[in-house]
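The residues making up each chain are set out below.
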There are 2 protein chains.
Amino acid sequence: MNAKEILMKAVICDQSGRILQALAHYQDGINILMDLVNEETNADKKKVYHARIKEYLDRAEQIKERISRLGQSGSLLHSVSIEDGATGYSFHTLFGKYLSNDVKEVLIEEPYLAERYQFQNLVNFFEVIVKHCTDLKFIRLVTKTDSKNPENQMTTLDNIKTDLSLREITLHFTFEPTLHDRKILLGSGYVIKIGRGLHFYKPNNPRHTLGICDYDFRKCLQTDVDILRVKKFS
Amino acid sequence: MNAKEILMKAVICDQSGRILQALAHYQDGINILMDLVNEETNADKKKVYHARIKEYLDRAEQIKERISRLGQSGSLLHSVSIEDGATGYSFHTLFGKYLSNDVKEVLIEEPYLAERYQFQNLVNFFEVIVKHCTDLKFIRLVTKTDSKNPENQMTTLDNIKTDLSLREITLHFTFEPTLHDRKILLGSGYVIKIGRGLHFYKPNNPRHTLGICDYDFRKCLQTDVDILRVKKFS
């Protein structure tokens, strides 16, 4: 797709309320326009490009701010303090009741995705939302680059992206070096905040014991979980 | 426990209908009596032992025959032919509706338990029955010895046994060199026959894709599943 097509898609998504997907398209479109403006020699044309870039950057910034505000507001629906060594806290048990066909878009901010068990937790999370949010169309994943093995991180995320695309779900991942907080936003208007993000399960030891597949049997690390009601955003 | 205690337990289980557990106790008790009879020098005492051994062997044989007949009878409730590459066939989706607190005992005959994925399938099966059969007390597992690495097989099964015992479920495993058929019997009166036993899932490829934890996302090998209603046996 060229910049025009991408930005048209961005506007359509934006108008229909799919703001996470709109944001991704705006950012992709802006990147292409940036390349074009660098190659352009005609000053007038450069000006037009700059105006367009500014317009889309502003809109992308507005969406980001709106998402960021959502994560900091809302009324607390449910709060759990998970004790060290406790069981019965699979993702589905923790927040399954907030998953439904009202969830069209999901944002997940999870800084640490580098180790095998971390990718496994991510896939486990995706399994739960894909199964229970039958109209899910778009996932925005924000994480940090794995400085030790960035190729492995990219390959693994690409594999997951391809797998999700077969189910007609777009995974858009982006890297933020300063990301610290963990947060999950459901487009239907819920924020799930887990102190340790997705990674609050202890390893299964010995390996072949209950908890390999069903994380309700997994022992947990101590962490707090808050679920908030916010404005529906897509 | 000595032979007398074990055999008393066997009789109590037998009378209260927990025949799989009774069978395990009879067999353990018989083994101890066999050792005692070998050490015994007094001919009269030997005779008493022999009589006791015969009595318990007969009862164990009756139970085995009854279980074996159950596996060959019943009315077909449900039959599924799983196509190669199909998805949506986790254990829970296949036979979850037959799992309830009526299931106190489970028999599983699964010849092949040697590879890591095979133990994983077994644990996955146990997770499903433990979660949904809240009064489950006893599991009898019949398998074949892993001739290549019997120590690993024994250690893994022992680990699973210990884990289940923490949940107050006894796992009794026994080896039958000629075992071929696969079968699951629920004490509440259901037989589940899967052509390939527990091992009809394809490996996840690439690893980090949906289906790591939730086997409804796993691609299957071609196999047939029959679920039959039989007499409740425990």
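Residues numbered from 1 in each chain as written. Chains lettered and ligands numbered in written order. Predicted model: local features only at pLDDT ≥ 70, side-chain atom pairs only at ≥ 80, totals over all residues. Heavy atoms only, no water.

Enquirer: Break down the interface of chain B and chain A for me, with residues and values.
Expert: Of the residues lining the interface, 27 residues belong to chain B; the matching set on chain A comes to 27 residues. For the chain B and chain A pair, buried surface summed over both sides reaches about 2600 Å², with 61% attributable to carbon and sulfur atoms. Among the residues of chain B in contact with chain A, B:Glu127, B:His208 and B:Leu210 are the three that bury the most area, contributing 27% of the side total. Run the count over chain B and chain A and you get four salt bridges. The partner of A:Asp214 in a salt bridge is B:Lys131, with the nearest N and O atoms 2.9 Å apart. Joining chain B to chain A, the criterion identifies 18 residue pairs in polar contact (both at pLDDT 80 or more). (Contact = heavy atoms within 4.5 Å. Buried area = accessible area lost by both parts, 1.4 Å probe. Salt bridge = Lys/Arg side-chain N within 4 Å of Asp/Glu carboxyl O. Polar contact = N/O pair within 3.5 Å; in protein donor to acceptor, adjacent residues only side chain to side chain.)

Enquirer: Lay out the sheet that holds strand 7 (residues 223–229) of chain B in plain terms, naming residues and giving numbers.
Expert: Residue and element names in this part refer to chain B. Here we have seven strands laid out as an open sheet, ordered 1-7-6-5-2-3-4, and mixed in their pairing. If you trace the sheet from one side to the other, it starts and ends with strand 1 (75–82) and strand 4 (170–175), each paired once. Shown here is a sheet whose adjacent strand axes are inclined to one another by a mean of 10°, direction ignored. (Pairing = 2+ DSSP bridges. Helix = DSSP H or I, 4+ residues; strand = E, 2+ residues; numbered from the N terminus. Axes fitted to C-alpha atoms, helices over the stretch in contact; angles between N-to-C directions.)

Enquirer: Tell me about the packing of helix 1 (residues 3–15) of chain A against helix 3 (residues 43–71) of chain A, and please be specific about residues and values.
Expert: All names here are of chain A. The geometry of helix 1 relative to helix 3 is characterised by a closest axis approach of 13 Å and an angle of 35° between their N-to-C directions. Between helix 1 and helix 3 the crossing geometry is left-handed. For the pair helix 1 and helix 3, contact is made by Leu7, Val11 and Asp14 and by Arg52, Tyr56, Arg59 and Ile63, respectively. (Left-handed = near helix turned anticlockwise from the far one by under 90°.)

Enquirer: Report on the packing of aromatic side chains, specifying residues and quantitative values.
Expert: All names here are of chain A. Scanning all chains against the criterion turns up 22 aromatic pairs over all chains. With 4.7 Å between their ring centres and 80° between their planes, Tyr201 and Tyr215 make a pair best called edge-to-face. Taken together, the residues span a long stretch of sequence, with Tyr201 in the loop between strand 6 (190–194) and strand 7 (223–229) and Tyr215 in the loop between strand 6 and strand 7 at a distance of 14 residues. Each of the two residues, Tyr201 as well as Tyr215, counts as buried. (Phe/Tyr/Trp six-rings, centres within 6.5 Å; stacked < 30°, edge-to-face > 60°. Buried < 20%, exposed > 50% of the residue type's maximum accessible area, 1.4 Å probe, protein only.)

Enquirer: So what about a positive patch on the surface? Which residues, and what values?
Expert: A contiguous patch of positive charge, built from A:Arg116, A:Arg207, B:Arg116 and B:Arg207, is present on the exposed surface. Assignment of secondary structure puts B:Arg116 in helix 5 (residues 116–132). (Patch = residues over 30% accessible without salt bridge, like charges linked within 9 Å, V, L, I, M, F, W, Y side chains within 5 Å. Areas by Shrake-Rupley, 256 points an atom, 1.4 Å probe, with all protein chains shown as cover. Lys, Arg positive; Asp, Glu negative; His and termini not counted. Charge placed at Lys NZ, Arg CZ, Asp CG, Glu CD.)

Enquirer: Got a sec to walk through the domain arrangement of chain A? Specific residues and values, please.
Expert: Residues and elements named next belong to chain A. For chain A, the assigned domains read domain 1 (3–70) and domain 2 (76–229). Measuring from the centre of the C-alpha atoms in domain 1 to the corresponding centre in domain 2 gives 29 Å. Each partner contributes residues to the interface: domain 1 has twelve residues there, and domain 2 has ten residues. Summed over both sides, the interface between domain 1 and domain 2 buries roughly 950 Å², with carbon and sulfur atoms accounting for 63% of that surface. Along the contact surface separating domain 1 from domain 2 lie zero salt bridges. One can count four residue pairs in polar contact (both at pLDDT 80 or more) joining domain 1 with domain 2. The set of elements that each furnish at least two residues to the side of domain 1 that touches domain 2 consists of helix 2 (19–39) and helix 3. At seven residues, helix 2 tops the list of elements feeding residues into the side of domain 1 that touches domain 2. Of the residues assigned to the side of domain 1 that touches domain 2, the class counts are six nonpolar, three polar and three charged. (Domains from an automatic or database assignment. Nonpolar A, V, L, I, M, F, W, Y, C, P; charged D, E, K, R; others polar.)

Enquirer: Hey, could you go over the confidence of the model for chain A for me, with residue numbers and the actual values?
Expert: When pLDDT is averaged across chain A, the result is 95; 100% of the residues are at 70 or more. Scoring the predicted complex yields pTM 0.93 and, for the interface, ipTM 0.92. (pLDDT = per-residue confidence, 0-100.)

Enquirer: Residue-level account of the relation of the copies chain B and chain A, with values.
Expert: Note on the copies: chain B fits chain A at an RMSD of 0.0 Å, the axial shift is 0.0 Å, and the rotation between them is 180°. On this basis, the relationship between the two copies can be described by a two-fold rotation axis. Minimal C-alpha distance to the rotation axis in chain B is attained by B:Cys213, lying at 2.1 Å. A share of 100% of the interface residues of chain B reappears at the interface of chain A, consistent with the copies meeting face to face through the same patch. (Least-squares fit on C-alpha atoms with pLDDT ≥ 70 in both.)

Enquirer: Can you explain the UniProt feature "coiled-coil region" (unreviewed entry) in chain A? Please cite residues and give values.
Expert: Following the UniProt record, the feature "coiled-coil region" (unreviewed entry) maps to residues 46–73 of chain A here. With 93% helix and 0% strand, residues 46–73 of chain A has end C-alpha atoms that lie 40 Å from one another. (UniProt positions renumbered as here; feature names shortened; annotations may be inferred.)

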